[in-house]
Amino acid sequence: MRREVVVAFIILLSTLTVVPQVEAVGLGGEDPGVTDTVTWRVGDKWVYAGAFDPTILVQSAGVDATVGTINGDATTTVDAVSEVDIDGIPTLVYETSSKADFDKGGVALEGYTGNLFIQYQVDEVRRVSDLAKLSTDLSLNVRYVPYGISSLTQQIADITISTDYDPMSENYDFPLR
């Protein structure tokens, strides 16, 4: 009988789970190694191969044009990490900017052949937790230089489009893989 009590006691002890003592820490705590969000730092940069066909844009300005696709690189940079108030809740956000300069020779506008120069910039504010967009400011500046003579430069378009998203524009599903 005594042996049965000892075996029962050992079996009982082997089924117990010891829960380790855990301490809650704030933002300054150590990363446990698992995260459902991306971590960007100020100064992080990405370079994207870009393609841009401004034909419709130029034609909508009332100009007879044959442009075609212009290729170039766009660079996205994390400019700041800040805190904004969203519905009364302080929320961390990334402020990013994407910039590109596109140019193409041999472009025909209004019967003239020349070079087209496009300055492209997008400034975005994204929530850190899921990269949802709060706002976007898109700027395009389009100039045309007929025959490559800079004194004949024509401003074709100078466009700025600002968008505030409510609800925020969510493009990603986490965790990212």
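These numbers come from a predicted model, not from an experiment.

Things to note about a nonpolar patch on the surface
Here is step 1 of the chain: Among the surface-exposed residues, Tyr 112, Tyr 147, Ile 149 and Leu 152 lie close enough to one another that they form a single nonpolar patch of about 410 Å² accessible area.
Here is step 2 of the chain: Within the element layout of this structure, Ile 149 appears in the loop between β6 (133-146) and β7 (154-169).
Here is step 3 of the chain: Among the residues examined, Ile 149 registers a relative accessible area of 39% and is labelled partly exposed.

Focus: the confidence of the model for the protein chain
Here is step 1 of the chain: Mean pLDDT for the protein chain: 78, with 76% of residues reaching 70 or above.
Here is step 2 of the chain: In the predicted structure, residues 1-29 sits below a pLDDT of 50 and forms zero contacts with residues beyond four places in sequence or in another chain.

Quick notes on the packing of aromatic side chains
Here is step 1 of the chain: As enumerated under the stated definition, the model contains four aromatic pairs in all.
Here is step 2 of the chain: On the basis of an interplanar angle of 35 degrees and a centroid distance of 4.8 Å, the ring pair of Trp 40 and Tyr 94 is categorised as tilted. A residue pair is termed long-range when its members are at least 10 positions apart, and Trp 40 in the loop between α1 (2-14) and β1 (45-52) and Tyr 94 in strand β4 (residues 89-109) qualify at 54 residues.
Here is step 3 of the chain: Among the aromatic residues, ring-to-ring pairing joins Trp 40, Trp 46 and Tyr 94 into one connected group.

The rules we used
Residues numbered from 1 in each chain as written. Predicted model: local features only at pLDDT ≥ 70, side-chain atom pairs only at ≥ 80, totals over all residues. Heavy atoms only, no water. Patch = residues over 30% accessible without salt bridge, like charges linked within 9 Å, V, L, I, M, F, W, Y side chains within 5 Å. Areas by Shrake-Rupley, 256 points an atom, 1.4 Å probe, with all protein chains shown as cover. Salt bridge = Lys/Arg side-chain N within 4 Å of Asp/Glu carboxyl O. Helix = DSSP H or I, 4+ residues; strand = E, 2+ residues; numbered from the N terminus. Buried < 20%, exposed > 50% of the residue type's maximum accessible area, 1.4 Å probe, protein only. pLDDT = per-residue confidence, 0-100. Contact = heavy atoms within 4.5 Å. Phe/Tyr/Trp six-rings, centres within 6.5 Å; stacked < 30°, edge-to-face > 60°.

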